[in-house]
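Secondary and tertiary structure notes
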Amino acid sequence: MSRLLGGTLERVCKAVLLLCLLHFLVAVILYFDVYAQHLAFFSRFSARGPARALHPAASSSTNCSRPNATAPSSGLPEVPSARPGPTAPVLPPCPDSPPGLGRLLIEFTSPMPLERVQRENPGVLLGGRYTPPDCTPAQTVAVIIPFRHREHHLRYWLHYLHPILRRQRLRYGIYVINQHGEDTFNRAKLLNVGFLEALKEDAAYDCFIFSDVDLVPMDDRNLYRCGDQPRHFAIAMDKFGFRLPYAGYFGGVSGLSKAQFLRINGFPNEYWGWGGEDDDIFNRISLTGMKISRPDIRIGRYRMIKHDRDKHNEPNPQRFTKIQNTKLTMKRDGIGSVRYQVLEVSRQPLFTNITVDIGRPPLWPPRG
């Protein structure tokens, strides 16, 4: 009997011992599982970014000498941080063909004070810069105007062109390149200066529109943008009976991308006086294997503000000889050889005025 009880008690003890061992193993497994989850939680939390201090006082004592310095751990459990504020919405691309464009009524009889033009364009920033508020343009456009003693014309040009460019959903800046002094005018050299000075202000410019100050488009479907080929915009002026005067005409208003402009070495610097430089530019484009792009003649119509010929802008007697020698001169005469001195940069509400000294014409014009 006693032997039977002893055997039963021994089996009970062994069973209890096995149960205790099993309980211990289960406890160890659960402990390591919870510990692993704890480590995974903090690993994910630390991967999201630097830890934030729990109290403002702790934040103020943090070493922030480095831009990405992290706050020391307080040893306390992290409190979920507040949600970040709303981010700026990503604007869609501006449309290739903005709605609402069409023919315009252009007249130059009403008085046009600059204050009125400024009131009409409240979204234009100092210096004549504008960016559409509701879309992202594909290009950044610099509009370059060669200038001297044409304030009356400039007011009309600004009155019409700022609204046109805004309706075309362009990101743009207006640069008036004012030739200092009373020496012979040099349109093409001023355009070279405008190209360089605009890029100094904003290296993002990738499209350049070169416009005379007395020409206003009669249709805002004539988009002031750059394309795969150099663009001639003013193909049908009223003074030419709304026709292209000849096939190689490239005057008035034209546009080239930055790459296209550099490919032709910019514009010639040696055309002092009226005429010839636009034909030289046409030759440069043809000689580098590019072609002129033009709008439909019904869209490329322009009104010109009537005026007498400027003083010190007489026809250049050397222009015909120079045009015949573009192939010989274009590599040495252009954007790489332009010399000038900036006298003043004045950022006006509607444009940036850059007054420059471009020198004087040679007494004996160079050959070619």
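The rules behind each value
Residues numbered from 1 in each chain as written. Predicted model: local features only at pLDDT ≥ 70, side-chain atom pairs only at ≥ 80, totals over all residues. Heavy atoms only, no water. UniProt positions renumbered as here; feature names shortened; annotations may be inferred. Helix = DSSP H or I, 4+ residues; strand = E, 2+ residues; numbered from the N terminus. Contact = heavy atoms within 4.5 Å. Areas by Shrake-Rupley, 256 points an atom, 1.4 Å probe, with all protein chains shown as cover. Salt bridge = Lys/Arg side-chain N within 4 Å of Asp/Glu carboxyl O. Buried < 20%, exposed > 50% of the residue type's maximum accessible area, 1.4 Å probe, protein only. Pairing = 2+ DSSP bridges. Core = buried A, V, L, I, M, F, W, Y, C linked by side-chain atoms within 4.5 Å. Expected span 1.5 Å × (residues − 1). Bend = angle between axes of the 7 residues up to and from the residue. Polar contact = N/O pair within 3.5 Å; in protein donor to acceptor, adjacent residues only side chain to side chain. Disulfide = S-S within 2.5 Å. Phe/Tyr/Trp six-rings, centres within 6.5 Å; stacked < 30°, edge-to-face > 60°.

Within an unreviewed UniProt entry, the label attached to the protein chain reads Beta-1,4-galactosyltransferase, and the organism entered is Heterocephalus glaber. Database annotation for the protein chain, UniProt heading Sequence similarities (unreviewed entry): "Belongs to the glycosyltransferase 7 family."

1. Observations regarding the overall build of the protein chain
When helices and strands are counted, the protein chain shows nine helices and 11 strands. For the protein chain, long-range pairs separated by at least 24 residues make up 81% of all intrachain contacts whose partners lie at least 6 apart in sequence. Element-wise, carbon and sulfur atoms account for 59% of the exposed surface of the protein chain, whose accessible area totals about 21500 Å².

2. Describing the pattern of salt bridges
Inspection of the entire model under this criterion finds 17 salt bridges. For Asp202, the salt bridge identified is with Arg129, shortest N-O distance 2.8 Å. One end of the pair, Asp202, is in the loop between helix 5 (187-201) and strand 4 (207-211); the other, Arg129, is in strand 1 (residues 129-130), and 73 residues separate them in sequence. Its relative accessible area of 18% is what places Asp202 among the buried residues. Of the charged contacts in the structure, one is a salt bridge between Arg221 and Asp219, with a shortest N-O distance of 2.6 Å.

3. Quick word on the environment of Ser97
With respect to the helices and strands, Ser97 occurs in the loop between helix 2 (56-60) and helix 3 (114-120). Here Ser97 falls in the exposed class, since its relative accessible area comes to 62%. Considered as a pair, Ser97 and Arg221 are 124 residues apart in the sequence and their alpha carbons are 8.0 Å apart.

4. Section: the sheet that holds strand 9 (residues 301-304)
For sheets, the rule is that strands pair by backbone hydrogen bonds, running either parallel or antiparallel. Here three strands make up an open sheet; going across it, the order is 5-9-7 and the pairing mixed. Each edge of the sheet is formed by a strand with only one pairing partner; in this case those strands are strand 5 (215-217) and strand 7 (236-237). Where strand 7 and strand 9 come together, two bridges link them in parallel fashion. If you follow Ala236 over to strand 9, its bridge partner there is Arg301.

5. Examining the nonpolar core
Ile174 and Tyr224 are the most contacted members of the largest nonpolar core, which has 39 residues in total. Of all elements in the fold, only strand 2 (140-147), helix 4 (151-167), strand 3 (171-179), strand 4, strand 5 and strand 9 reach the threshold of two or more residues within this core. In terms of residue count, helix 4 provides more of this core than any other element does, seven residues in total. Each residue touching Ile174, except ones within four places of it in the same chain, is listed here: Gly127, Gly128, Val143, Ile145, Trp157, Leu158, His162, Leu165, Leu350, Phe351 and Thr352.

6. What about helix 4?
Spanning 17 residues, helix 4 covers 24 Å between terminal C-alpha atoms, matching the ideal 24 Å at 1.5 Å per step. At Leu158, helix 4 shows its maximal bend, which comes to roughly 25°. The element helix 4 is extensively covered by neighbouring structure, given that 12 of its 17 residues are classed as buried. When helix 4 is considered as a whole, its buried residues turn out to be His153, Leu154, Tyr156, Trp157, Leu158, His159, Tyr160, Leu161, His162, Pro163, Ile164 and Leu165. Residues of helix 4 that are buried in the fold lie against helix 3, strand 2, strand 3, strand 4 and strand 5. Of the residues one or two after helix 4, Arg169 is the one with positive phi, at around 60°.

7. Overview of the side chain of Asn192
Summarising the element assignment, Asn192 is placed in helix 5. One polar contact links the side chain of Asn192 to the main-chain carbonyl oxygen of Phe267, over a distance of 2.7 Å. Not counting residues up to four positions away in its chain, the partners in contact with Asn192 are Phe261, Gly266, Phe267, Pro268, Asn269, Gly334, Ile335 and Val338.

8. Some words on the state of the cysteines
Applying the stated rule across the entire model yields two disulfides. Across a sulfur-sulfur distance of 2.0 Å, Cys94 and Cys135 are joined as a disulfide pair. What sets the handedness of the Cys94 and Cys135 disulfide is the S-S torsion sign, and at about 85° it is right-handed. Of this pair, Cys94 sits in the loop between helix 2 and helix 3 while Cys135 sits in the loop between strand 1 and strand 2, placing them 41 residues apart in sequence.

9. Here we look at the environment of Gln260
Tracing the backbone shows Gln260 in helix 6 (residues 258-263). Looking at Gln260, the relative accessible area reads 6%, which means it is buried. Between the C-alpha atoms of Gln260 and Asp206, which are 54 residues apart in sequence, the distance is 9.9 Å.

10. A closer look at the packing of aromatic side chains
Within the structure shown, the criterion is met by 13 aromatic pairs. Taking the centre distance of 5.8 Å and the plane angle of 85° together, the rings of Tyr175 and Tyr205 count as edge-to-face. Remark: Tyr205 occurs in the loop between helix 5 and strand 4 and Tyr175 occurs in strand 3; sequence separation between them is 30 residues. Each member of the pair, Tyr175 as well as Tyr205, carries the same accessibility label: buried. Ring centres of Phe210 and Phe267 lie 4.9 Å apart, and the angle between their planes is 65°; this geometry places the pair in the edge-to-face category. In this pair, Phe210 sits in strand 4 while Phe267 sits in the loop between helix 6 and helix 7 (277-287), placing the two residues 57 residues apart along the sequence.

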